[in-house]
Amino acid sequence: MDYFAGIDIGSTAIKIAIVNEEGTLVGHKISGSGSMFYKYAKQALHDLMRELNITDRELVYTVSTGYGRKLFKEAEENISEITANAIGARAAAGDIEIKTIINIGGQDSKAISLDSEGNVVNFAMNDRCAAGTGKFLDVVAMNLEIGADELGEYHFKSTGTPLSINSTCAVFAESEIIGLLGNDHSVEDIVAGVHYSIAKRIIKLVKRVGIKERIYFDGGPALNEGLVSAIENELGKEIFIPEHPQITTALGAAMLALESYGYEQTHKEA
Ligand code: ADP
């Protein structure tokens, strides 16, 4: 059996997806990027192949993507994370036609508009400021002494109107949050306030490409159900969250690896 890997070297996490000849996801792995992207990416791929019993010979084509994609020299090809995200969303959504992707990563956020074939027609990106990114959520969680993976749980325990967080910069938001804690506001209400402030920012970004349904939300922060709920409430629309939202871009790269390999084989025979 031949296998195909997609490696998404993000600013915060390395995501690896492996698909088989049918394009079915057979396994994935998420590990921290740290500062040694290349070393960790190689190690994570090696570990995943061992877990899945895939040999070097069986892994026939690898495509890298993400912020550190060019550092992964073993890859046969590399593609932009926008293209990989679009291919991955189409694969993960199955029969559901996705027209808009919201991606929140560790250090940026994006809105991507797709046509009915799943091709990228437009995109908007915020990579200048940490507000509205995973980093912002991580800083908030750290200040509140909870884990980023607990934010969703706290959100749903909030009672009353979510607090409004006015700072648009992560550094100022940090001191605003400390101030709110000092004024006896609960962690739950602060968390809900942060989610609503991120939701408002992300919707502004999505409006730049146009809000067309269905809307697909991915990246690590899409695992946060509180944030999902805040975005849905602010949009007044339901959004589609794939089963593994953090690995869509890696899955897209793996699907492209499968396609490129097929193309290479056909042209070799011809
Ligand atoms: P990048 O591709 O830029 O490295 P990711 O899409 O991997 O970014 O997202 C990383 C972010 O995802 C982290 O900063 C963190 O806030 C968030 N995250 C990761 N796991 C979880 C989880 N289980 N629950 C909530 N948020 C999470």
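Owing to the predicted nature of the structure, the values given are computational and were not obtained by experimental measurement.

A closer look at the overall build of the protein
Item 1. Secondary structure assignment for the protein yields 8 helices and 10 strands.
Item 2. Relative to a compact globule of 270 residues, whose C-alpha radius of gyration would be 18 Å, the protein shows 19 Å and is just as compact.
Item 3. Put simply, the protein has 270 residues, and 53% of those count as buried.
Item 4. If you take every contact in the protein between residues at least 6 apart in sequence, the share linking residues at least 24 apart comes to 64%.
Item 5. For the protein, the accessible surface area stands at approximately 13000 Å², while carbon and sulfur atoms represent 48% of it.

Digging into the site of the ligand
Item 1. Close to the ligand lie 17 residues; T12, K15, G106, D138 and Q246 are nearest.
Item 2. One of the backbone N or O atoms of G106 is found 2.8 Å from an oxygen atom in the ligand.
Item 3. The side chain of D138 places a nitrogen or oxygen atom 2.6 Å from an oxygen atom of the ligand.
Item 4. Relative to its unbound accessible area of 590 Å², the ligand is 83% covered by the protein chains.

Examining the pattern of salt bridges
Item 1. With the rule as written, the count across this model stands at 11 salt bridges.
Item 2. Its salt-bridge partner being K29, residue E51 comes within 2.7 Å of it at the nearest N-O pair. A residue pair is termed long-range when its members are at least 10 positions apart, and E51 in helix 1 (residues 37–52) and K29 in strand 3 (residues 25–32) qualify at 22 residues.
Item 3. Where K110 meets D108, a salt bridge forms, and the shortest distance between an N and an O atom there is 4.0 Å. The pair formed by K110 and D108 is uniform in burial state, with each residue classed as buried.

A closer look at helix 2 (residues 81–93)
Item 1. The end-to-end C-alpha separation of helix 2 is 18 Å, in line with the 18 Å expected for 13 residues at 1.5 Å each.
Item 2. Among all positions in helix 2, only E81, I82, A84, N85, A86, I87, G88, A89 and A93 are buried.

Digging into the environment of G152
Item 1. Relative to the helices and strands, G152 is located in helix 4 (residues 151–156).
Item 2. Since its relative accessible area comes to 10%, G152 is described here as buried.
Item 3. Once the C-alpha coordinates of G152 and A86 are considered, the two residues, 66 residues apart in sequence, prove to be 26 Å apart.
Item 4. Excluding residues that lie within four positions of it along the chain, G152 makes contacts with H195, N224, E225 and G226.

Quick notes on the packing of helix 5 (residues 170–182) against helix 6 (residues 187–209)
Item 1. Axis separation between helix 5 and helix 6 bottoms out at 10 Å; the angle between their running directions is 150 degrees. In terms of orientation, helix 5 lies roughly antiparallel with respect to helix 6. The two elements helix 5 and helix 6 cross, and the hand of that crossing is right-handed. Packed against helix 5, whose contacting residues are I177, L180 and L181, the element helix 6 presents V187, I190 and V194 at the interface.
Item 2. Of the residues in the contact of helix 5 with helix 6, the class split is 6 nonpolar, no polar and no charged.

Examining the sheet that holds strand 1 (residues 3–9)
Item 1. Spatial strand order, 3-2-1-4-5: 5 strands in an open sheet with mixed pairing. Of all strands in the sheet, those with a lone pairing partner are strand 3 and strand 5 (77–78), marking the two edges.
Item 2. Where strand 2 (residues 13–19) and strand 3 come together, 7 bridges link them in antiparallel fashion. The partner of I16 across the bridge, within strand 3, is K29.
Item 3. Against the sheet, helix 1 makes contact with strand 1, strand 2, strand 3 and strand 4 (59–65), and its axis sits at roughly 35 degrees relative to strand 2, the strand it touches most.

Brief notes about the side chain of T248
Item 1. Tracing the sequence through the fold places T248 in helix 8 (residues 248–269).
Item 2. Each residue touching T248, except ones within four places of it in the same chain, is listed here: A84, N85, G88, A89, Y216, D218 and P242.

Quick word on unusual backbone geometry
Item 1. Note that the residue after E213, namely R214, is joined by a cis bond; omega there is 0 degrees.
Item 2. Within the fold, R214 resides in the loop between helix 6 and strand 9 (215–218).
Item 3. Phi at E145 takes a positive value of approximately 55 degrees, unusual for a residue other than glycine.
Item 4. Here E145 lies in the loop between helix 3 (134–143) and helix 4.
Item 5. Look at D184: it is not a glycine, yet its phi comes out positive at around 70 degrees.

Conventions and cut-offs
Residues numbered from 1 in each chain as written. Predicted model: local features only at pLDDT ≥ 70, side-chain atom pairs only at ≥ 80, totals over all residues. Heavy atoms only, no water. Helix = DSSP H or I, 4+ residues; strand = E, 2+ residues; numbered from the N terminus. Rg over C-alpha atoms; globule rule 2.2 N^0.38 Å. Buried < 20%, exposed > 50% of the residue type's maximum accessible area, 1.4 Å probe, protein only. Contact = heavy atoms within 4.5 Å. Areas by Shrake-Rupley, 256 points an atom, 1.4 Å probe, with all protein chains shown as cover. Near = heavy atom within 4 Å. Polar contact = N/O pair within 3.5 Å; in protein donor to acceptor, adjacent residues only side chain to side chain. Salt bridge = Lys/Arg side-chain N within 4 Å of Asp/Glu carboxyl O. Expected span 1.5 Å × (residues − 1). Axes fitted to C-alpha atoms, helices over the stretch in contact; angles between N-to-C directions. Parallel < 35°, antiparallel > 145°, perpendicular 65-115°, else oblique. Left-handed = near helix turned anticlockwise from the far one by under 90°. Nonpolar A, V, L, I, M, F, W, Y, C, P; charged D, E, K, R; others polar. Pairing = 2+ DSSP bridges.

These figures capture arrangement, not role.
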